[in-house]
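# A structural walkthrough
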Amino acid sequence: MYPTVTRRSALRVTDNSRVVAVLRARDASAYSPVIESLVVGGVKLIELTLTTAGVVEHLPKLRRAFGQDAEIGVGTVVDPGSASAVLDSGAQFLVTPTVNLDVVATGVERGVPVVSGGLTPTELLAGWSAGAAAVKVFPASSVGPGYIPQLRGPFPQMEFLPSGGIGLDDAPAWVAAGATAVSIGSPLLRDAFDGGSLTQLTERCRRVTAVVTEAYAARSSSGPR
């Protein structure tokens, strides 16, 4: 049986900031101009991925550059040693692809929000009960937005963050279904790390932020989630 956990921290999600950009690049040195374009477009929750080379080394610089405008966390965290390393470098939240209670405990102990990955009700409850600030429904495309209302019945207090295979046009449906926010990777970033237009990236950010904000407003006006 899991202990009762007081959630001391949460993702800095606001009514007009419900999109998490998941960034994967060959090297973290490429992150800065892309993050700037994301922030200008209204996407202010940034998940760097630990599979990108140089994340730990570049994170302090990115925090100094964008810390006033964005919340920068690290995803693909699969062990407590990596969790401690990125927290020491300034990560503002952690994201796991699977249930890893040691990683959740590391974040909880340091007062930093953790998004615990899982797909089944058992996996999601394990992360939530251990103190996760939200649970990452992954891979979200394998279940669809209708999965959230089904989970909401037995888990009314749980915060859901779907990730994996969500396109820009799919995002509003997830928020309308009850997701706290949505994580989007390549459908949003596209070729931004390979010389693609950063202006077009900013426009995509503005578009998806607008439709997600509209979906959340409509959900809120219809009553309790």
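The structure we're discussing is the one just above.
The following refers to the structure shown. Quantities reported herein were computed from a predicted structural model and do not represent experimental measurements. (Residues numbered from 1 in each chain as written. Predicted model: local features only at pLDDT ≥ 70, side-chain atom pairs only at ≥ 80, totals over all residues. Heavy atoms only, no water.)

## Focus: the packing of helix 1 (residues 31–40) against helix 2 (residues 55–66)
Direction vectors running N to C along helix 1 and helix 2 enclose 40°, while the axes themselves pass 11 Å from each other. When the axis of helix 1 is compared with that of helix 2, the two are oblique. You can see that helix 1 and helix 2 cross each other, and the crossing is right-handed. For the pair formed by helix 1 and helix 2, the contact residues are Tyr-31, Ser-32, Ile-35 and Glu-36 on the first element and Val-55, Leu-62 and Phe-66 on the second. (Axes fitted to C-alpha atoms, helices over the stretch in contact; angles between N-to-C directions. Helix = DSSP H or I, 4+ residues; strand = E, 2+ residues; numbered from the N terminus. Parallel < 35°, antiparallel > 145°, perpendicular 65-115°, else oblique. Left-handed = near helix turned anticlockwise from the far one by under 90°. Contact = heavy atoms within 4.5 Å.)

## As for the pattern of salt bridges
One pass over the structure, following the stated rule, counts five salt bridges. Linking Arg-26 and Asp-194 is a salt bridge whose minimum nitrogen-to-oxygen distance equals 3.1 Å. With Arg-26 in the loop between strand 1 (19–23) and helix 1 and Asp-194 in the loop between helix 8 (186–189) and helix 9 (198–221), the pair connects residues that are 168 residues apart, well separated along the chain. As far as burial versus exposure is concerned, Arg-26 and Asp-194 are alike and both exposed. Of the charged contacts in the structure, one is a salt bridge between Arg-207 and Asp-169, with a shortest N-O distance of 3.5 Å. With Arg-207 in helix 9 and Asp-169 in the loop between strand 7 (160–162) and helix 7 (171–177), this pair connects stretches of sequence that are 38 residues apart. In this structure Arg-207 comes out as partly exposed when scored by relative accessible area, which is 40%. A relative accessible area of 66% places Asp-169 in the exposed class. (Salt bridge = Lys/Arg side-chain N within 4 Å of Asp/Glu carboxyl O. Buried < 20%, exposed > 50% of the residue type's maximum accessible area, 1.4 Å probe, protein only.)

## Observations concerning the pairing of strand 6 (residues 134–137)
Neither face of strand 6 is open: one carries Ala-134 and Lys-136, the other Val-135 and Val-137, and all of them are buried. For the crossover from strand 5 (residues 114–118) across helix 5 (residues 121–129) to strand 6, the handedness is right-handed. Both strand 6 and strand 7 contribute to a ladder of three bridges, which runs parallel. Among the inter-strand pairings, Lys-136 is bridged to a residue of strand 7, identified as Leu-161. In the classification by handedness, the crossover that spans strand 6, the intervening helix 6 (residues 147–152) and the parallel strand 7 is right-handed. (Right-handed = clockwise from strand over helix to strand, strands pointing away. Pairing = 2+ DSSP bridges.)

## Here we look at the nonpolar core
Formed by 60 residues in total, the largest nonpolar core has its most connected members in Leu-23, Tyr-31, Leu-38, Ile-46, Leu-48 and Leu-188. Per-element accounting of this core gives the leading share, six residues, to helix 9. Formed by nine residues, the second largest nonpolar core is a distinct cluster that contains Leu-11, Phe-93, Val-115 and Ala-181. (Core = buried A, V, L, I, M, F, W, Y, C linked by side-chain atoms within 4.5 Å.)

## Things to note about the pairing of strand 1
With five of its five residues buried, strand 1 lies for the most part within the structure. Of the two faces of strand 1, the one holding Val-19, Ala-21 and Leu-23 and the one holding Val-20 and Val-22 are both buried throughout. Pairing geometry for strand 1 and strand 8 (residues 182–184), over three bridges, is parallel. Residue pairing for strand 8: Val-20 is matched across the bridge by Ser-183. Taken together, the four bridges between strand 1 and strand 2 (residues 45–49) define a ladder with parallel strand orientation.

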